[in-house]
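Spelled out from the first residue to the last, the chains are:
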Amino acid sequence: MQFFSPAANLVGIDEYMNAPRGLAQFAEQVVPGSLRVIAAVGDHRNALIMYEVSTEGGPIGSKAFPSAQNWLLDETGKIKVERIVSYMVPRTG
């Protein structure tokens, strides 16, 4: 698995989950219930979702993350490549 984002380019599930800029570290800062899905589309090989989440605390602080995330699946349906384009803005409210 390969992961590309503004914060990191990671290879392999262990790095994706546990690297200093991996999913687990980011997820710990996400405000529960803050996910707002804007749009989603996909087929058997590709998926795209546009969404926004908010963070609180930790090194990121209080921010909103508008994002677009794309997954390319392999022939067995597992994620082969994940790309995310996002930016952070101060959270209002």
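Every value quoted in this text rests on a predicted model; they were computed, and no experiment measured them. (Residues numbered from 1 in each chain as written. Predicted model: local features only at pLDDT ≥ 70, side-chain atom pairs only at ≥ 80, totals over all residues. Heavy atoms only, no water.)

Chemist: What should I look at first to understand the environment of N46 in this one?
Modeler: In this fold, N46 is placed in strand β4 (residues 46–55). Exposure remark for N46: the relative accessible area of 32% places this residue in the partly exposed category. Sequence spacing of N46 and E82 is 36 residues, and the spatial spacing of their C-alpha atoms is 9.9 Å. Beyond its immediate sequence surroundings of up to four residues, N46 is in contact with V41, W71 and L72. (Helix = DSSP H or I, 4+ residues; strand = E, 2+ residues; numbered from the N terminus. Buried < 20%, exposed > 50% of the residue type's maximum accessible area, 1.4 Å probe, protein only. Contact = heavy atoms within 4.5 Å.)

Chemist: Could you clarify how one ought to interpret the packing of aromatic side chains in this entry?
Modeler: The geometry of an aromatic ring pair is captured by two quantities: the separation of the ring centres and the angle between the planes. Under the definition given, this model contains two aromatic pairs. Taking the centre distance of 5.3 Å and the plane angle of 65° together, the rings of F3 and Y16 count as edge-to-face. Within this pair, whereas F3 is found in strand β1 (residues 2–4), its partner Y16 is found in helix α1 (residues 13–18), the two being separated by 13 residues in sequence. Overall, the relative accessible area of 11% leaves Y16 in the buried class. Pairing F26 with F65 gives two aromatic rings, centres 5.2 Å apart and planes at 85°, and the pair type is edge-to-face. Placement of the pair is F26 in helix α2 (residues 23–27) and F65 in strand β5 (residues 63–73), with a sequence separation of 39 residues. The exposure class of F65 is buried, given its relative accessible area of 10%. (Phe/Tyr/Trp six-rings, centres within 6.5 Å; stacked < 30°, edge-to-face > 60°.)

Chemist: Any chance you could explain the pattern of salt bridges here in plain terms?
Modeler: Working definition: two side chains of opposite charge can pair if their charged atoms are close together. Counted according to the given criterion, the structure contains one salt bridge. With a shortest N-O distance of 3.9 Å, E52 and R36 are connected by a salt bridge. Within this pair, whereas E52 is found in strand β4, its partner R36 is found in strand β3 (residues 36–42), the two being separated by 16 residues in sequence. Given a relative accessible area of 22%, E52 falls into the partly exposed group. (Salt bridge = Lys/Arg side-chain N within 4 Å of Asp/Glu carboxyl O.)

Chemist: Please clarify how the confidence of the model for the chain should be interpreted in this entry.
Modeler: When pLDDT drops low, the exact placement of atoms in the prediction is not to be read closely. For the chain, the average pLDDT comes to 91, and 99% of its residues sit at 70 or higher. For the chain, per-element mean pLDDT is lowest for strand β7 (residues 89–90), which scores 84, and highest for β3, which scores 97. (pLDDT = per-residue confidence, 0-100.)

Chemist: Would you mind going over the pairing of β4 with me for this structure?
Modeler: Two faces belong to every sheet, and in a regular strand the side chains alternate between them. The pairing of β3 with β4 spans six bridges and is antiparallel. Within the sheet, the bridge partner assigned to V41 lies in β4 and is L48. (Pairing = 2+ DSSP bridges.)

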